[in-house]
Amino acid sequence: MFAYIEGKISELTPTYVIVDCGGVGYLIHISLYTYAAIKDQTQAKILTHHLVREDAELLYGFSNEHERKLFLHLVSVSGVGANTARMMQSSMSPQELTEAILSGNVNKIQSVKGIGAKTAQRVIVDLRDRLAKEDWGTSFSSAETTSANTTKDEALSALVMLGFNRIAAEKVLQNILKINPNLSAELLIKEALRML
């Protein structure tokens, strides 16, 4: 229904962006990869996937066509819903995730919160041949993430929105920040996703 939404960014968090397009604010769920790509912008063109469920209509947004195609491949796998696909794309860049699938790296895919061994194997079995037929080599952005001065509160808010317990997430973030206090929000969230 919506191929993309272009307009002024009125609100941006690591898990969603609100784009003002013609006076209408569209709430679009995004991955950390997309967040890193648009966080310094005031205007954005977000490619979208419109998901209709019994209880909700949701928009998922992507910074480029390759991230969107990978998302659509992931949600086509039995047992992988939109939120799980977004979690996978927040834990790894599209290039890392594609390489893990193509190389059959079950452990890397299983390192994503909520992905067990069977689901990881199913993702590889279902998608390896499909992804191998597509040209992914030159399609990814060379800048995976950029550094910025962000707060623990931003990371905590993102983890809570992704469904993690607030107290557990806060403990993990504190432990990470003791070791490396200068992490950007997206790297802090990625590190926390590995530990939660």
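Every value quoted in this text rests on a predicted model; they were computed, and no experiment measured them.

Basis of the calculations
Residues numbered from 1 in each chain as written. Predicted model: local features only at pLDDT ≥ 70, side-chain atom pairs only at ≥ 80, totals over all residues. Heavy atoms only, no water. Axes fitted to C-alpha atoms, helices over the stretch in contact; angles between N-to-C directions. Helix = DSSP H or I, 4+ residues; strand = E, 2+ residues; numbered from the N terminus. Parallel < 35°, antiparallel > 145°, perpendicular 65-115°, else oblique. Left-handed = near helix turned anticlockwise from the far one by under 90°. Contact = heavy atoms within 4.5 Å. Nonpolar A, V, L, I, M, F, W, Y, C, P; charged D, E, K, R; others polar. pLDDT = per-residue confidence, 0-100. Salt bridge = Lys/Arg side-chain N within 4 Å of Asp/Glu carboxyl O. Buried < 20%, exposed > 50% of the residue type's maximum accessible area, 1.4 Å probe, protein only. Core = buried A, V, L, I, M, F, W, Y, C linked by side-chain atoms within 4.5 Å. Expected span 1.5 Å × (residues − 1). Bend = angle between axes of the 7 residues up to and from the residue. Phe/Tyr/Trp six-rings, centres within 6.5 Å; stacked < 30°, edge-to-face > 60°. Pairing = 2+ DSSP bridges.

A. Structural context of the packing of helix H2 (residues 65–75) against helix H3 (residues 82–91). Where H2 contacts H3, the two axes come as close as 9 Å, and the packing angle between them is 135 degrees. By the criterion of interaxial angle, the relationship of H2 to H3 is oblique. H2 and H3 meet at a crossing whose hand is right-handed. On the side of H2, the interface is formed by Glu-67, Leu-70, Phe-71, Leu-74 and Val-75, while H3 contributes Ala-82, Ala-85, Arg-86, Met-88 and Gln-89. For the contact of H2 with H3, the per-class residue count stands at seven nonpolar, one polar and two charged.

B. Molecular detail of the confidence of the model for the protein chain. Averaged over every residue, the pLDDT of the protein chain is 87; the share at 70 or more is 91%. Highest mean pLDDT in the protein chain belongs to strand S3 (residues 24–29) (97); lowest belongs to helix H7 (residues 152–161) (84). Within the model, pLDDT remains below 50 along residues 137–150, and this stretch shows 25 contacts once partners closer than five positions in the same chain are excluded.

C. Up close: the pattern of salt bridges. Enumeration over the complete set of coordinates arrives at five salt bridges. Between Arg-194 and Glu-191 there is a salt bridge; the shortest N-O distance is 3.6 Å. Of this pair, Arg-194 and Glu-191 both sit in helix H9 (residues 185–195), three residues apart, roughly one helical turn. A relative accessible area of 31% places Glu-191 in the partly exposed class.

D. Layout of the nonpolar core. Counting residues in each nonpolar core, the largest one holds 40 residues, and the members touching the most others are Leu-74, Met-88, Ile-101, Ile-109, Val-123, Leu-159 and Leu-193. Sorting the residues of this core by element identifies strand S5 (57–62), H2, H3, helix H4 (94–103), helix H6 (117–132), H7, helix H8 (166–179) and H9 as the ones contributing at least two each. Ranked by the residues each element gives to this core, the list is headed by H6, at five residues. Other than its neighbours up to four places away in sequence, Met-88 contacts Leu-74, Val-80, Leu-97, Ile-109, Val-112, Ile-115 and Val-123. Among the nonpolar cores identified, the runner-up in size contains eleven residues, and Ile-5, Ile-30, Ile-38 and Ala-44 belong to it.

E. Molecular detail of the environment of Gly-7. In this fold, Gly-7 is placed in strand S1 (residues 4–12). Separated by 16 residues in the primary sequence, Gly-7 and Gly-23 place their C-alpha atoms 9.5 Å from one another. Gly-7 has contacts with Val-19, Asp-20, Thr-42, Gln-43 and Ala-44, leaving out every residue within four places of it along the chain.

F. Structural detail: H6. Here H6 spans 22 Å end to end across 16 residues, near enough to the 22 Å set by a 1.5 Å rise per residue. The largest bend in H6 is about 35 degrees, located at Asp-126. Taken together, the buried positions of H6 are occupied by Thr-119, Ala-120, Val-123, Ile-124, Leu-127 and Leu-131. Buried residues belonging to H6 abut H2, H3, H4 and helix H5 (106–110).

G. Up close: the packing of aromatic side chains. Enumeration according to the criterion identifies three aromatic pairs in this entry. On the numbers, 5.9 Å between centres and 65 degrees between planes, the contact of Phe-2 with Tyr-26 is edge-to-face. Taken together, the positions of Phe-2 in the segment before S1 and Tyr-26 in strand S3 put the pair 24 residues apart, joining distant regions of the chain. Taking the relative accessible area as the measure of exposure, Tyr-26 reaches 23% and is therefore partly exposed. Geometrically, the ring pair formed by Phe-62 and Phe-71 is tilted, given 5.0 Å between the ring centres and 50 degrees between the ring planes.

H. Layout of the pairing of S5. The element S5 is extensively covered by neighbouring structure, given that five of its six residues are classed as buried. Pairing analysis gives six bridges linking strand S4 (residues 43–52) to S5, with the strands arranged antiparallel. The partner of Leu-47 across the bridge, within S5, is Phe-62. Counted between consecutive antiparallel strands, the loop separating S4 from S5 contains four residues.

I. Spotlight on the packing of H7 against H8. Where H7 contacts H8, the axes come no closer than 10 Å and their chain directions differ by 140 degrees. The angle between the axes of H7 and H8 places the two elements in the oblique class. Crossing angle aside, the handedness with which H7 passes H8 is right-handed. Facing Lys-152, Ala-155, Leu-156, Leu-159 and Val-160 of H7, the residues of H8 in contact are Arg-166, Ala-169, Glu-170, Leu-173, Gln-174 and Leu-177.

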